[in-house]
2 protein chains.
Amino acid sequence: MKPNSHIKIIIVDDHDLLREGISARLSDVGYIEIIAEGCNGQEAVTLCKQFKPDVLLMDISMPVMNGLEAAKQIMQLGINTRILFLSIYDDNEYIQEALRIGASGFVLKDVSKPEMLNAIKSVAEGATYLGPKVAASLQSSSGVHGETECTYGLTKREKQVLALIAEGHLNKEIAYRLNISIRTVESHRSAIRDKTGGGNAAALAKIARELRL
Amino acid sequence: MKPNSHIKIIIVDDHDLLREGISARLSDVGYIEIIAEGCNGQEAVTLCKQFKPDVLLMDISMPVMNGLEAAKQIMQLGINTRILFLSIYDDNEYIQEALRIGASGFVLKDVSKPEMLNAIKSVAEGATYLGPKVAASLQSSSGVHGETECTYGLTKREKQVLALIAEGHLNKEIAYRLNISIRTVESHRSAIRDKTGGGNAAALAKIARELRL
DNA sequence: ACAGAGTTCAGTAGTAATACGGATATACGC
DNA sequence: GCGTATATCCGTATTACTACTGAACTCTGT
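Quantities reported herein were computed from a predicted structural model and do not represent experimental measurements.

K.L.:
Help me get a handle on the interface of chain B and chain A, residues and values and all.
P.N.:
Each side of the interface is counted separately: chain B has 35 residues, and chain A has 35 residues. Taken together, both faces of the contact between chain B and chain A bury some 2800 Å²; the carbon and sulfur share is 46%. Three residues, B:Arg100, B:Thr128 and B:Arg209, lead the burial of chain B against chain A; their summed loss comes to 18% of the area buried on that side. Remark: the boundary between chain B and chain A carries two salt bridges. The salt bridge partner of B:Glu167 is A:Lys206, with a shortest N-O separation of 3.0 Å. Those elements that provide at least two residues to the side of chain B that touches chain A are α4 (92-101), α5 (113-124), β6 (128-130), α6 (132-141), α7 (156-166) and α10 (201-211) of chain B. Sort the elements by how many residues they give to the side of chain B that touches chain A and α10(B) lands first, with six residues. Broken down by class, the residue content of the side of chain B that touches chain A amounts to 16 nonpolar, 12 polar and seven charged.

Structure (C-alpha coordinates):
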(Lines give C-alpha, C1' and ligand atoms only; values in the text may rest on other atoms or scores of the structure.)
Protein backbone atom coordinates (compact mmCIF):
# COMPACT_ATOMS: atom_id res chain seq x y z
CA MET A 1 0.00 0.00 0.00
CA LYS A 2 1.70 3.18 -1.14
CA PRO A 3 1.11 6.29 0.95
CA ASN A 4 -1.37 8.82 -0.36
CA SER A 5 -2.60 6.43 -2.99
CA HIS A 6 -6.19 5.39 -3.34
CA ILE A 7 -7.72 3.05 -0.82
CA LYS A 8 -10.31 0.83 -2.43
CA ILE A 9 -13.04 -0.17 -0.05
CA ILE A 10 -15.95 -2.55 0.02
CA ILE A 11 -18.69 -1.99 2.56
CA VAL A 12 -20.77 -4.92 3.79
CA ASP A 13 -23.63 -4.46 6.23
CA ASP A 14 -27.16 -5.76 6.29
CA HIS A 15 -28.66 -2.41 7.28
CA ASP A 16 -29.20 -0.21 4.25
CA LEU A 17 -29.35 2.92 6.34
CA LEU A 18 -26.02 2.28 7.97
CA ARG A 19 -24.38 1.42 4.69
CA GLU A 20 -25.64 4.64 3.17
CA GLY A 21 -24.37 6.56 6.19
CA ILE A 22 -20.91 5.13 5.78
CA SER A 23 -20.94 5.79 2.06
CA ALA A 24 -21.91 9.40 2.66
CA ARG A 25 -19.21 9.80 5.23
CA LEU A 26 -16.47 8.35 3.04
CA SER A 27 -17.55 9.59 -0.38
CA ASP A 28 -16.09 13.06 0.10
CA VAL A 29 -12.72 11.75 1.25
CA GLY A 30 -10.29 12.09 -1.62
CA TYR A 31 -8.15 9.06 -1.09
CA ILE A 32 -10.98 6.64 -0.47
CA GLU A 33 -12.94 4.92 -3.20
CA ILE A 34 -15.94 2.76 -2.47
CA ILE A 35 -15.90 0.13 -5.16
CA ALA A 36 -18.75 -2.09 -4.02
CA GLU A 37 -21.32 -2.74 -1.33
CA GLY A 38 -22.93 -5.91 -0.01
CA CYS A 39 -25.42 -6.95 2.63
CA ASN A 40 -24.23 -10.31 3.96
CA GLY A 41 -21.14 -12.47 4.42
CA GLN A 42 -21.73 -14.52 1.30
CA GLU A 43 -21.70 -11.37 -0.79
CA ALA A 44 -18.60 -10.17 1.01
CA VAL A 45 -16.68 -13.25 -0.11
CA THR A 46 -17.89 -12.96 -3.71
CA LEU A 47 -17.21 -9.24 -3.93
CA CYS A 48 -13.72 -9.58 -2.44
CA LYS A 49 -12.86 -12.35 -4.88
CA GLN A 50 -14.02 -10.18 -7.74
CA PHE A 51 -12.76 -6.72 -6.78
CA LYS A 52 -9.82 -7.44 -4.44
CA PRO A 53 -10.30 -4.31 -2.34
CA ASP A 54 -7.65 -2.87 -0.03
CA VAL A 55 -10.06 -2.76 2.87
CA LEU A 56 -13.25 -4.62 3.62
CA LEU A 57 -15.42 -2.74 6.09
CA MET A 58 -17.83 -5.32 7.43
CA ASP A 59 -20.41 -5.90 10.11
CA ILE A 60 -20.29 -9.11 12.15
CA SER A 61 -23.90 -10.09 12.70
CA MET A 62 -25.52 -10.52 9.33
CA PRO A 63 -28.01 -12.92 7.75
CA VAL A 64 -27.04 -15.81 5.43
CA MET A 65 -23.40 -15.75 6.51
CA ASN A 66 -21.96 -13.77 9.40
CA GLY A 67 -18.89 -11.61 9.19
CA LEU A 68 -16.56 -13.92 11.05
CA GLU A 69 -17.25 -16.87 8.79
CA ALA A 70 -16.91 -14.63 5.75
CA ALA A 71 -13.60 -13.31 7.07
CA LYS A 72 -12.26 -16.86 7.42
CA GLN A 73 -13.03 -17.61 3.80
CA ILE A 74 -11.67 -14.28 2.60
CA MET A 75 -8.40 -14.83 4.44
CA GLN A 76 -8.00 -18.02 2.45
CA LEU A 77 -8.47 -16.34 -0.91
CA GLY A 78 -4.86 -15.25 -0.85
CA ILE A 79 -5.72 -11.67 -1.77
CA ASN A 80 -4.33 -8.63 -0.06
CA THR A 81 -7.52 -7.44 1.54
CA ARG A 82 -7.49 -6.13 5.11
CA ILE A 83 -10.62 -6.70 7.12
CA LEU A 84 -11.94 -3.99 9.39
CA PHE A 85 -14.88 -5.07 11.48
CA LEU A 86 -17.60 -2.65 12.40
CA SER A 87 -19.85 -3.88 15.15
CA ILE A 88 -22.34 -2.62 17.69
CA TYR A 89 -21.03 -5.10 20.22
CA ASP A 90 -17.77 -4.70 22.10
CA ASP A 91 -18.09 -8.35 23.03
CA ASN A 92 -14.76 -9.88 23.90
CA GLU A 93 -15.56 -13.18 22.25
CA TYR A 94 -16.18 -11.46 18.95
CA ILE A 95 -13.10 -9.28 19.13
CA GLN A 96 -10.74 -12.07 20.02
CA GLU A 97 -12.21 -14.39 17.44
CA ALA A 98 -11.94 -11.68 14.83
CA LEU A 99 -8.28 -11.07 15.59
CA ARG A 100 -7.58 -14.79 15.72
CA ILE A 101 -9.01 -15.19 12.25
CA GLY A 102 -6.69 -12.48 11.06
CA ALA A 103 -8.80 -9.33 10.97
CA SER A 104 -6.78 -6.13 10.93
CA GLY A 105 -9.11 -3.95 12.93
CA PHE A 106 -12.23 -3.61 14.98
CA VAL A 107 -14.26 -0.48 15.68
CA LEU A 108 -17.67 0.13 17.15
CA LYS A 109 -20.51 1.68 15.21
CA ASP A 110 -20.49 4.84 17.30
CA VAL A 111 -17.08 5.65 15.85
CA SER A 112 -16.39 9.27 14.92
CA LYS A 113 -15.46 10.21 11.37
CA PRO A 114 -11.81 11.07 12.07
CA GLU A 115 -11.39 7.88 14.01
CA MET A 116 -12.93 5.88 11.24
CA LEU A 117 -10.57 7.43 8.72
CA ASN A 118 -7.70 6.74 11.06
CA ALA A 119 -8.74 3.13 11.32
CA ILE A 120 -9.12 2.73 7.57
CA LYS A 121 -5.74 4.30 6.86
CA SER A 122 -4.11 2.16 9.52
CA VAL A 123 -5.41 -1.15 8.30
CA ALA A 124 -4.80 -0.18 4.67
CA GLU A 125 -1.14 0.19 5.60
CA GLY A 126 -1.20 -3.25 7.09
CA ALA A 127 -1.36 -2.13 10.70
CA THR A 128 -3.79 -3.40 13.28
CA TYR A 129 -6.26 -0.91 14.69
CA LEU A 130 -8.58 -1.45 17.64
CA GLY A 131 -10.91 1.37 18.57
CA PRO A 132 -10.75 2.91 22.06
CA LYS A 133 -13.73 1.08 23.49
CA VAL A 134 -12.68 -2.11 21.79
CA ALA A 135 -9.20 -1.94 23.26
CA ALA A 136 -10.65 -1.18 26.69
CA SER A 137 -13.02 -4.10 26.47
CA LEU A 138 -10.26 -6.42 25.40
CA GLN A 139 -8.01 -5.39 28.25
CA SER A 140 -10.61 -5.52 30.99
CA SER A 141 -11.11 -9.20 30.43
CA SER A 142 -7.66 -10.55 29.93
CA GLY A 143 -6.30 -9.37 33.24
CA VAL A 144 -4.14 -6.63 31.85
CA HIS A 145 -3.64 -4.10 34.61
CA GLY A 146 -0.87 -5.64 36.62
CA GLU A 147 -2.42 -8.65 38.24
CA THR A 148 -5.57 -10.57 37.61
CA GLU A 149 -6.27 -10.49 41.33
CA CYS A 150 -7.80 -13.92 41.00
CA THR A 151 -4.63 -15.47 42.24
CA TYR A 152 -6.40 -17.36 45.00
CA GLY A 153 -4.16 -15.57 47.48
CA LEU A 154 -1.07 -17.39 46.33
CA THR A 155 2.22 -16.04 47.63
CA LYS A 156 5.18 -15.20 45.39
CA ARG A 157 6.94 -18.42 46.13
CA GLU A 158 3.81 -20.45 45.52
CA LYS A 159 3.29 -18.80 42.15
CA GLN A 160 6.89 -19.55 41.33
CA VAL A 161 6.42 -23.20 42.21
CA LEU A 162 3.13 -23.37 40.36
CA ALA A 163 4.75 -22.00 37.24
CA LEU A 164 7.37 -24.73 37.37
CA ILE A 165 4.76 -27.40 37.97
CA ALA A 166 2.87 -26.15 34.93
CA GLU A 167 6.05 -26.49 32.92
CA GLY A 168 5.97 -30.17 33.73
CA HIS A 169 8.83 -30.28 36.21
CA LEU A 170 9.01 -32.89 38.93
CA ASN A 171 9.20 -31.86 42.57
CA LYS A 172 12.80 -33.01 42.51
CA GLU A 173 13.64 -30.65 39.66
CA ILE A 174 11.78 -27.77 41.21
CA ALA A 175 13.64 -28.30 44.46
CA TYR A 176 16.95 -28.25 42.62
CA ARG A 177 16.07 -25.13 40.66
CA LEU A 178 14.93 -23.15 43.67
CA ASN A 179 17.64 -24.53 45.90
CA ILE A 180 15.22 -25.86 48.46
CA SER A 181 14.29 -29.31 49.76
CA ILE A 182 11.74 -31.57 48.11
CA ARG A 183 9.72 -31.41 51.29
CA THR A 184 9.46 -27.66 50.93
CA VAL A 185 8.28 -28.02 47.37
CA GLU A 186 5.71 -30.49 48.61
CA SER A 187 4.61 -28.01 51.25
CA HIS A 188 4.16 -25.30 48.65
CA ARG A 189 2.39 -27.68 46.34
CA SER A 190 0.05 -28.65 49.12
CA ALA A 191 -0.65 -25.01 49.92
CA ILE A 192 -1.32 -24.33 46.27
CA ARG A 193 -3.80 -27.22 46.11
CA ASP A 194 -5.53 -25.98 49.25
CA LYS A 195 -5.87 -22.45 47.94
CA THR A 196 -6.85 -23.25 44.38
CA GLY A 197 -8.83 -26.39 44.93
CA GLY A 198 -6.73 -28.02 42.24
CA GLY A 199 -6.23 -31.75 42.16
CA ASN A 200 -3.35 -33.40 40.36
CA ALA A 201 -0.48 -31.87 38.44
CA ALA A 202 -2.46 -31.49 35.25
CA ALA A 203 -5.23 -29.66 37.08
CA LEU A 204 -2.66 -27.31 38.57
CA ALA A 205 -1.19 -26.78 35.12
CA LYS A 206 -4.62 -25.79 33.92
CA ILE A 207 -4.99 -23.28 36.73
CA ALA A 208 -1.53 -21.87 36.08
CA ARG A 209 -2.48 -21.37 32.46
CA GLU A 210 -5.59 -19.42 33.51
CA LEU A 211 -3.43 -17.31 35.79
CA ARG A 212 -0.90 -16.80 33.01
CA LEU A 213 2.14 -17.84 34.97
CA MET B 1 -8.58 13.06 24.39
CA LYS B 2 -10.50 15.68 22.45
CA PRO B 3 -10.06 15.66 18.69
CA ASN B 4 -7.69 18.21 17.21
CA SER B 5 -6.37 19.15 20.62
CA HIS B 6 -2.73 19.00 21.54
CA ILE B 7 -1.09 15.64 22.11
CA LYS B 8 1.54 15.87 24.81
CA ILE B 9 4.34 13.40 24.31
CA ILE B 10 7.32 12.14 26.23
CA ILE B 11 10.07 10.35 24.33
CA VAL B 12 12.25 7.80 26.08
CA ASP B 13 15.11 6.05 24.32
CA ASP B 14 18.70 5.40 25.30
CA HIS B 15 20.09 6.43 21.94
CA ASP B 16 20.53 10.18 21.72
CA LEU B 17 20.59 10.12 17.96
CA LEU B 18 17.31 8.31 17.67
CA ARG B 19 15.66 10.56 20.20
CA GLU B 20 16.80 13.60 18.29
CA GLY B 21 15.52 12.10 15.07
CA ILE B 22 12.10 11.56 16.54
CA SER B 23 12.06 15.04 18.01
CA ALA B 24 12.95 16.53 14.65
CA ARG B 25 10.27 14.50 12.97
CA LEU B 26 7.55 15.50 15.40
CA SER B 27 8.56 19.07 16.19
CA ASP B 28 6.99 20.52 13.05
CA VAL B 29 3.67 18.75 13.58
CA GLY B 30 1.23 21.27 14.90
CA TYR B 31 -0.85 19.14 17.20
CA ILE B 32 2.07 17.39 18.85
CA GLU B 33 4.02 18.80 21.74
CA ILE B 34 7.11 17.10 23.12
CA ILE B 35 7.13 17.94 26.80
CA ALA B 36 10.06 15.84 27.98
CA GLU B 37 12.67 13.28 27.01
CA GLY B 38 14.39 10.50 28.91
CA CYS B 39 16.95 7.80 28.32
CA ASN B 40 15.87 4.83 30.46
CA GLY B 41 12.85 3.20 32.04
CA GLN B 42 13.46 4.72 35.45
CA GLU B 43 13.30 8.19 33.95
CA ALA B 44 10.17 7.23 32.03
CA VAL B 45 8.35 6.46 35.25
CA THR B 46 9.52 9.66 36.93
CA LEU B 47 8.70 11.85 33.95
CA CYS B 48 5.25 10.33 33.50
CA LYS B 49 4.46 10.85 37.16
CA GLN B 50 5.52 14.46 36.86
CA PHE B 51 4.16 15.48 33.46
CA LYS B 52 1.27 13.08 32.86
CA PRO B 53 1.69 12.99 29.07
CA ASP B 54 -0.96 11.78 26.67
CA VAL B 55 1.47 9.46 24.96
CA LEU B 56 4.72 7.91 26.04
CA LEU B 57 6.86 6.89 23.09
CA MET B 58 9.37 4.45 24.49
CA ASP B 59 12.00 1.94 23.49
CA ILE B 60 12.01 -1.50 25.10
CA SER B 61 15.64 -2.41 25.55
CA MET B 62 17.23 0.24 27.69
CA PRO B 63 19.77 0.32 30.53
CA VAL B 64 18.86 0.70 34.21
CA MET B 65 15.23 -0.27 33.66
CA ASN B 66 13.78 -1.67 30.46
CA GLY B 67 10.64 -0.39 28.81
CA LEU B 68 8.39 -3.29 29.79
CA GLU B 69 9.15 -2.96 33.47
CA ALA B 70 8.71 0.80 33.24
CA ALA B 71 5.37 0.31 31.48
CA LYS B 72 4.14 -1.93 34.28
CA GLN B 73 4.89 0.72 36.85
CA ILE B 74 3.41 3.50 34.76
CA MET B 75 0.18 1.56 34.27
CA GLN B 76 -0.16 1.48 38.02
CA LEU B 77 0.23 5.24 38.44
CA GLY B 78 -3.39 5.69 37.56
CA ILE B 79 -2.66 8.43 35.05
CA ASN B 80 -4.14 8.59 31.57
CA THR B 81 -0.94 7.97 29.64
CA ARG B 82 -0.97 5.68 26.60
CA ILE B 83 2.19 3.77 25.95
CA LEU B 84 3.46 3.36 22.41
CA PHE B 85 6.46 1.09 22.14
CA LEU B 86 9.11 1.70 19.55
CA SER B 87 11.42 -1.23 19.06
CA ILE B 88 13.91 -2.61 16.57
CA TYR B 89 12.70 -6.12 17.30
CA ASP B 90 9.45 -7.57 16.03
CA ASP B 91 9.92 -10.31 18.60
CA ASN B 92 6.63 -11.96 19.50
CA GLU B 93 7.52 -12.32 23.13
CA TYR B 94 8.04 -8.60 23.43
CA ILE B 95 4.91 -7.66 21.57
CA GLN B 96 2.63 -9.98 23.48
CA GLU B 97 4.16 -9.02 26.79
CA ALA B 98 3.78 -5.35 25.92
CA LEU B 99 0.11 -5.76 25.07
CA ARG B 100 -0.48 -7.88 28.13
CA ILE B 101 0.92 -5.16 30.31
CA GLY B 102 -1.49 -2.75 28.73
CA ALA B 103 0.51 -0.92 26.09
CA SER B 104 -1.61 0.80 23.45
CA GLY B 105 0.67 0.32 20.52
CA PHE B 106 3.81 -1.12 19.07
CA VAL B 107 5.75 0.03 16.01
CA LEU B 108 9.17 -0.79 14.65
CA LYS B 109 11.93 1.73 14.34
CA ASP B 110 11.83 1.70 10.56
CA VAL B 111 8.39 3.29 10.72
CA SER B 112 7.60 6.01 8.20
CA LYS B 113 6.60 9.47 9.34
CA PRO B 114 2.93 9.27 8.31
CA GLU B 115 2.63 5.88 9.93
CA MET B 116 4.19 7.18 13.10
CA LEU B 117 1.75 10.07 13.20
CA ASN B 118 -1.06 7.66 12.54
CA ALA B 119 0.09 5.51 15.44
CA ILE B 120 0.42 8.46 17.79
CA LYS B 121 -3.00 9.81 16.92
CA SER B 122 -4.54 6.38 17.30
CA VAL B 123 -3.16 5.65 20.72
CA ALA B 124 -3.84 9.21 21.88
CA GLU B 125 -7.50 8.55 21.10
CA GLY B 126 -7.32 5.43 23.19
CA ALA B 127 -7.15 3.00 20.31
CA THR B 128 -4.64 0.20 19.93
CA TYR B 129 -2.23 0.43 17.05
CA LEU B 130 0.15 -2.28 15.87
CA GLY B 131 2.42 -1.49 12.95
CA PRO B 132 2.23 -3.61 9.78
CA LYS B 133 5.27 -5.74 10.50
CA VAL B 134 4.28 -6.06 14.13
CA ALA B 135 0.82 -7.29 13.25
CA ALA B 136 2.27 -9.73 10.73
CA SER B 137 4.72 -11.08 13.24
CA LEU B 138 2.01 -11.48 15.85
CA GLN B 139 -0.25 -13.43 13.53
CA SER B 140 2.40 -15.74 12.12
CA SER B 141 3.12 -17.19 15.52
CA SER B 142 -0.20 -17.63 17.19
CA GLY B 143 -1.38 -20.34 14.87
CA VAL B 144 -3.86 -18.19 13.03
CA HIS B 145 -4.41 -20.10 9.84
CA GLY B 146 -6.25 -23.27 10.67
CA GLU B 147 -4.57 -26.18 12.40
CA THR B 148 -1.15 -26.94 13.78
CA GLU B 149 -0.99 -30.53 12.50
CA CYS B 150 1.90 -31.42 14.81
CA THR B 151 0.00 -34.12 16.65
CA TYR B 152 2.99 -36.42 17.10
CA GLY B 153 1.05 -39.16 15.34
CA LEU B 154 -1.42 -39.54 18.17
CA THR B 155 -4.47 -41.66 17.44
CA LYS B 156 -8.01 -40.41 18.02
CA ARG B 157 -8.37 -42.29 21.25
CA GLU B 158 -5.05 -41.03 22.49
CA LYS B 159 -5.97 -37.45 21.75
CA GLN B 160 -9.21 -38.02 23.60
CA VAL B 161 -7.36 -39.34 26.61
CA LEU B 162 -4.79 -36.57 26.44
CA ALA B 163 -7.53 -33.95 26.44
CA LEU B 164 -8.98 -35.43 29.61
CA ILE B 165 -5.56 -35.61 31.24
CA ALA B 166 -5.05 -31.93 30.44
CA GLU B 167 -8.36 -31.17 32.12
CA GLY B 168 -6.87 -32.57 35.29
CA HIS B 169 -8.78 -35.84 35.44
CA LEU B 170 -7.36 -38.89 37.15
CA ASN B 171 -6.93 -42.14 35.24
CA LYS B 172 -9.83 -43.49 37.27
CA GLU B 173 -12.13 -40.71 36.08
CA ILE B 174 -10.98 -41.00 32.49
CA ALA B 175 -11.64 -44.73 32.58
CA TYR B 176 -15.15 -44.12 33.88
CA ARG B 177 -15.89 -41.44 31.29
CA LEU B 178 -14.70 -43.51 28.36
CA ASN B 179 -16.13 -46.72 29.73
CA ILE B 180 -12.83 -48.53 29.64
CA SER B 181 -10.54 -50.01 32.26
CA ILE B 182 -7.92 -48.06 34.15
CA ARG B 183 -5.31 -50.31 32.65
CA THR B 184 -6.36 -49.23 29.19
CA VAL B 185 -6.10 -45.59 30.15
CA GLU B 186 -2.65 -46.33 31.47
CA SER B 187 -1.74 -47.97 28.19
CA HIS B 188 -2.91 -44.95 26.22
CA ARG B 189 -1.16 -42.64 28.60
CA SER B 190 2.02 -44.61 28.17
CA ALA B 191 1.70 -44.45 24.39
CA ILE B 192 1.11 -40.72 24.56
CA ARG B 193 4.23 -40.26 26.65
CA ASP B 194 6.25 -42.34 24.19
CA LYS B 195 5.04 -40.37 21.20
CA THR B 196 5.24 -36.90 22.65
CA GLY B 197 8.24 -37.31 24.91
CA GLY B 198 6.16 -35.84 27.70
CA GLY B 199 6.92 -36.64 31.30
CA ASN B 200 4.39 -36.22 34.09
CA ALA B 201 0.78 -35.10 33.94
CA ALA B 202 1.62 -31.41 33.93
CA ALA B 203 4.00 -31.87 31.01
CA LEU B 204 1.28 -33.69 29.10
CA ALA B 205 -1.12 -30.87 29.95
CA LYS B 206 1.34 -28.43 28.47
CA ILE B 207 1.59 -30.46 25.28
CA ALA B 208 -2.19 -30.74 25.05
CA ARG B 209 -2.43 -27.00 25.34
CA GLU B 210 0.03 -26.55 22.46
CA LEU B 211 -2.05 -28.98 20.43
CA ARG B 212 -5.22 -27.11 21.37
CA LEU B 213 -7.15 -30.12 22.56
C1' DA C 1 8.56 -7.23 71.76
C1' DC C 2 5.02 -9.50 69.71
C1' DA C 3 1.59 -11.34 66.28
C1' DG C 4 1.11 -12.96 61.80
C1' DA C 5 2.37 -14.36 57.43
C1' DG C 6 5.68 -16.64 54.62
C1' DT C 7 9.28 -19.88 53.83
C1' DT C 8 11.65 -23.60 55.22
C1' DC C 9 12.06 -28.70 56.60
C1' DA C 10 10.59 -33.48 58.59
C1' DG C 11 7.78 -38.04 59.65
C1' DT C 12 4.39 -41.32 58.38
C1' DA C 13 0.96 -43.33 55.54
C1' DG C 14 -1.56 -43.95 51.69
C1' DT C 15 -2.81 -43.22 46.72
C1' DA C 16 -1.63 -42.28 41.83
C1' DA C 17 1.34 -42.67 38.21
C1' DT C 18 5.23 -44.79 35.65
C1' DA C 19 8.19 -48.60 33.70
C1' DC C 20 8.71 -52.85 32.56
C1' DG C 21 6.75 -57.03 30.81
C1' DG C 22 2.97 -59.43 28.25
C1' DA C 23 -1.98 -60.78 26.01
C1' DT C 24 -6.37 -60.70 23.05
C1' DA C 25 -9.69 -58.78 19.66
C1' DT C 26 -10.87 -56.03 15.73
C1' DA C 27 -10.53 -53.54 11.67
C1' DC C 28 -8.04 -52.09 7.47
C1' DG C 29 -5.23 -52.47 3.43
C1' DC C 30 -2.74 -55.39 0.17
C1' DG D 1 -5.18 -64.70 4.16
C1' DC D 2 -1.60 -61.96 6.39
C1' DG D 3 0.61 -58.15 8.46
C1' DT D 4 -0.06 -53.88 10.75
C1' DA D 5 -2.21 -50.59 13.56
C1' DT D 6 -5.49 -49.68 17.09
C1' DA D 7 -7.77 -50.60 21.16
C1' DT D 8 -8.53 -53.31 24.83
C1' DC D 9 -6.83 -55.59 29.21
C1' DC D 10 -3.53 -57.76 33.14
C1' DG D 11 0.81 -58.39 36.59
C1' DT D 12 4.64 -56.63 39.13
C1' DA D 13 7.72 -53.28 40.87
C1' DT D 14 9.24 -48.71 41.47
C1' DT D 15 8.75 -43.92 41.72
C1' DA D 16 6.07 -39.64 42.32
C1' DC D 17 2.64 -37.46 44.52
C1' DT D 18 -0.93 -36.57 48.34
C1' DA D 19 -2.71 -36.13 53.13
C1' DC D 20 -1.89 -35.18 57.59
C1' DT D 21 0.71 -33.24 61.52
C1' DG D 22 4.27 -30.56 63.56
C1' DA D 23 7.99 -27.18 63.91
C1' DA D 24 11.80 -23.65 63.23
C1' DC D 25 13.29 -19.39 61.11
C1' DT D 26 12.73 -14.75 58.82
C1' DC D 27 10.23 -10.68 57.98
C1' DT D 28 6.83 -7.03 58.49
C1' DG D 29 4.15 -4.08 60.87
C1' DT D 30 2.42 -2.29 65.43
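So, next bit.
K.L.:
Tell me about the protein's contact with DNA strand C, residues and numbers included.
P.N.:
Around DNA strand C, the surrounding shell holds 19 residues, and the nearest of these are A:Thr155, A:Arg157, A:Ser181, A:Arg183 and A:Thr184. Protein-adjacent atoms of DNA strand C, using a 4 Å cutoff, are sugar or phosphate at a proportion of 70%. In the model, a phosphate oxygen of DNA strand C is placed 2.2 Å from a nitrogen or oxygen of the A:Thr155 side chain. At a separation of 2.6 Å, a base nitrogen of DNA strand C approaches a polar side-chain atom of A:Arg183. Elements with a contribution of two residues or more to the surface near DNA strand C: α7 (156-166) and α9 (182-196) of chain A together with α8 (171-178) and α9 (182-196) of chain B. If you tally residues by element for the surface near DNA strand C, the top one is α9(A), at four residues. Looking at side-chain class alone, the surface near DNA strand C contains three nonpolar, nine polar and seven charged residues.

Criteria and cut-off values
Residues numbered from 1 in each chain as written. Chains lettered and ligands numbered in written order. Predicted model: local features only at pLDDT ≥ 70, side-chain atom pairs only at ≥ 80, totals over all residues. Heavy atoms only, no water. Contact = heavy atoms within 4.5 Å. Buried area = accessible area lost by both parts, 1.4 Å probe. Salt bridge = Lys/Arg side-chain N within 4 Å of Asp/Glu carboxyl O. Helix = DSSP H or I, 4+ residues; strand = E, 2+ residues; numbered from the N terminus. Nonpolar A, V, L, I, M, F, W, Y, C, P; charged D, E, K, R; others polar. Near = heavy atom within 4 Å. Polar contact = N/O pair within 3.5 Å; in protein donor to acceptor, adjacent residues only side chain to side chain.

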